[in-house]
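If you want the building blocks of each chain, they are given just below.
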Amino acid sequence: MLARAREAGIGLIGMKAGRALAGRRILGWSRPTRFDGHYDEAFLKSGLSAFQRSYAFVLAHGLDAVNADMQSLAHLQENVAAAVSSSRHFG
């Protein structure tokens, strides 16, 4: 389905991309290792935070952008680092 959308020129944006990591009562409280089973050892040792790993992964596997929670300049800097490094980890 992602390939068909891309072929049609439709951009794909991930919304609430970090919610499953940050947690909410309905999803279970904070679980930063929730997606670690999808990553290889090298990526887990990359130095990226759990949020950065999730953003880099989805950007390298079909999404064009991620709408991420940002409540500070530090969050923005972390998100940019994840975005620019995604192709290096999965390229």
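Fair warning: this is a prediction, and the values are worked out from it, not measured in the lab.

**A word on the overall build of the protein**
Secondary structure summary: the protein contains 5 helices and 4 strands in total. Compactness check: the protein gives a C-alpha radius of gyration of 13 Å against a globular reference of 12 Å for 91 residues, within 12% of the reference. Within the protein, the proportion of its 91 residues that are buried is 26%. Nonlocal contacts in the protein, meaning residues at least 24 apart in sequence, comprise 56% of its contacts between residues at least 6 apart. Surface accessibility of the protein: about 6,200 Å² in total, with carbon and sulfur atoms responsible for 57%. Here the protein carries 11 positive and 7 negative side-chain charges, and the mean point of each set is 8 Å from the other.

**Focus: the packing of aromatic side chains**
The final tally for this structure, using the stated rule, is 4 aromatic pairs. Aromatic pair Phe43 and Phe90: ring centres 4.7 Å apart, planes at 65°, arrangement edge-to-face. Here the residue Phe43 occupies a position in helix α3 (residues 41-44), and Phe90 occupies one in helix α5 (residues 73-90), the gap between them amounting to 47 residues. Judged by its relative accessible area of 2%, Phe43 is buried.

**Side note on the side chain of Gln52**
Position of Gln52 among the secondary structure elements: in helix α4 (residues 50-60). At 3.0 Å, the side chain of Gln52 forms a polar contact with the backbone oxygen of Glu78. Each residue touching Gln52, except ones within four places of it in the same chain, is listed here: Gly47, Glu78, Ala81 and Ala82.

**Let's talk about the confidence of the model for the protein**
The predicted model of the protein averages 86 in pLDDT, with 97% of residues at 70 or higher. For the protein, strand β3 (residues 28-29) is the element with the lowest average pLDDT, namely 71, and α3 is the one with the highest, namely 94.

**With respect to α4**
Restricting attention to buried positions, one finds in α4 the residues Ala50, Gln52, Arg53, Ser54, Tyr55 and Ala56. Taken together, the buried residues of α4 touch α2 (19-22), α3, β4 (65-67) and α5. Gly62 sits one or two positions beyond α4 and adopts a positive phi of about 125°.

Rules of the game
Residues numbered from 1 in each chain as written. Predicted model: local features only at pLDDT ≥ 70, side-chain atom pairs only at ≥ 80, totals over all residues. Heavy atoms only, no water. Helix = DSSP H or I, 4+ residues; strand = E, 2+ residues; numbered from the N terminus. Rg over C-alpha atoms; globule rule 2.2 N^0.38 Å. Buried < 20%, exposed > 50% of the residue type's maximum accessible area, 1.4 Å probe, protein only. Contact = heavy atoms within 4.5 Å. Areas by Shrake-Rupley, 256 points an atom, 1.4 Å probe, with all protein chains shown as cover. Lys, Arg positive; Asp, Glu negative; His and termini not counted. Charge placed at Lys NZ, Arg CZ, Asp CG, Glu CD. Phe/Tyr/Trp six-rings, centres within 6.5 Å; stacked < 30°, edge-to-face > 60°. Polar contact = N/O pair within 3.5 Å; in protein donor to acceptor, adjacent residues only side chain to side chain. pLDDT = per-residue confidence, 0-100.

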